Amino acid sequence: WIAATEGAYVHANNDAGNDETYGLMYNQEAIKSAKGICPEFYHVATFAEWGALIDFAGGENEAGNTLRSKDNWISADPVSTDSLLIAIQPAGNYNRGSFATNFGYQVILWSANPDGEPDDSDLPFFTDGGDIFYIPTGHDYGLGCRCVQD
């Protein structure tokens, strides 16, 4: 996984039964190719697109509640409203060959540069506390992503 030169994915919390609710977690190479990740005429959300959505949803202190799903967050406080029907799920992340212990509590989502290359310098990190942070990750992470229409 860490030295992968091709796209790869894992199931959230290593359980294929989670695919429909949480989606898959992709390595950086999969985001680069985007083959099979997004439907035709869609692309992986860029950092600028995430920023615009988060600003529209109330900024970093409010957007988490507005964008998180109402269900599946183990300890969401305050409670999620999902008022924009984006339904961000707490899929956790895959880190350096193992699953982090944050399934149900957090999620980090890939963003891409406008040229389609992964941007791992600042990624949206949703927490059960309702905040959104931007954090850097490494190329060896398995993260979810969202597709945006071209």
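Refer to the preceding data block for the structure.
The model shown is predicted, which means the values in this text are computed figures rather than measured ones.

Digging into the nonpolar core
Link 1 in the chain: Residues Leu67, Ile88, Val107 and Phe126 are the most contacted members of the largest nonpolar core, which totals 18 residues.
Link 2 in the chain: Mapped by element, the contributors of at least two residues to this core are α3 (47-56) and α4 (63-67).
Link 3 in the chain: Excluding its chain neighbours within four sequence positions, the residues that come into contact with leucine 67 are Leu53, Ile54, Ala57, Asp82, Leu84, Ile86, Ala87, Ile88, Phe126 and Ile132.
Link 4 in the chain: Counting 15 residues, the second largest nonpolar core, distinct from the first, contains Cys38, Ala112, Tyr141 and Cys145.

Some details on the state of the cysteines
Link 1 in the chain: For the coordinates displayed, the defined rule picks out 1 disulfide.
Link 2 in the chain: Disulfide pairing is shown between cysteine 38 and cysteine 147; the S-S distance is 2.1 Å. Across the S-S bond of cysteine 38 and cysteine 147 the torsion is about -85°, and the bridge reads as left-handed. In this pair, cysteine 38 sits in the loop between α2 (28-33) and β3 (42-44) while cysteine 147 sits in strand β12 (residues 147-149), placing the two residues 109 residues apart along the sequence.
Link 3 in the chain: The cysteine cysteine 145 is free of any disulfide, with cysteine 147 supplying the nearest cysteine sulfur at 4.8 Å.

Concerning the sheet that holds strand β10 (residues 132-135)
Link 1 in the chain: Strand order in the open sheet made by the 3 strands is β6-β9-β10, with antiparallel pairing throughout. Of all the strands in the sheet, just β6 (106-108) and β10 have a single pairing partner and so form its edges. Averaged over all adjacent pairs, the angle separating strand axes in this sheet is 20°, with direction ignored.
Link 2 in the chain: Sheet topology places strand β9 (residues 123-127) next to β10; 4 bridges connect them, and they run antiparallel. In the sheet register, leucine 123 faces β10, and the bridge partner there is isoleucine 135.
Link 3 in the chain: Along the sheet, α3 makes contact with β9 and β10, crossing β10 at roughly 160°.

Some thoughts on the packing of aromatic side chains
Link 1 in the chain: A full pass over the atoms with the stated rule returns 6 aromatic pairs.
Link 2 in the chain: Summarising the aromatic geometry, the rings of tyrosine 22 and phenylalanine 103 are spaced 4.8 Å apart at their centres and angled 55° between planes, so their arrangement reads as tilted. Taken as a pair, tyrosine 22 in helix α1 (residues 19-22) and phenylalanine 103 in the loop between β5 (98-99) and β6 lie far apart in primary sequence, 81 residues in all.
Link 3 in the chain: Seen in terms of ring centroids, phenylalanine 125 and phenylalanine 133 are 6.3 Å apart; in terms of plane orientation they differ by 40°. Their pairing is tilted.
Link 4 in the chain: With relative accessibility at 40%, the residue phenylalanine 133 sits in the partly exposed group.

Conventions we followed
- Residues numbered from 1 in each chain as written.
- Predicted model: local features only at pLDDT ≥ 70, side-chain atom pairs only at ≥ 80, totals over all residues.
- Heavy atoms only, no water.
- Core = buried A, V, L, I, M, F, W, Y, C linked by side-chain atoms within 4.5 Å.
- Buried < 20%, exposed > 50% of the residue type's maximum accessible area, 1.4 Å probe, protein only.
- Helix = DSSP H or I, 4+ residues; strand = E, 2+ residues; numbered from the N terminus.
- Contact = heavy atoms within 4.5 Å.
- Disulfide = S-S within 2.5 Å.
- Pairing = 2+ DSSP bridges.
- Axes fitted to C-alpha atoms, helices over the stretch in contact; angles between N-to-C directions.
- Phe/Tyr/Trp six-rings, centres within 6.5 Å; stacked < 30°, edge-to-face > 60°.

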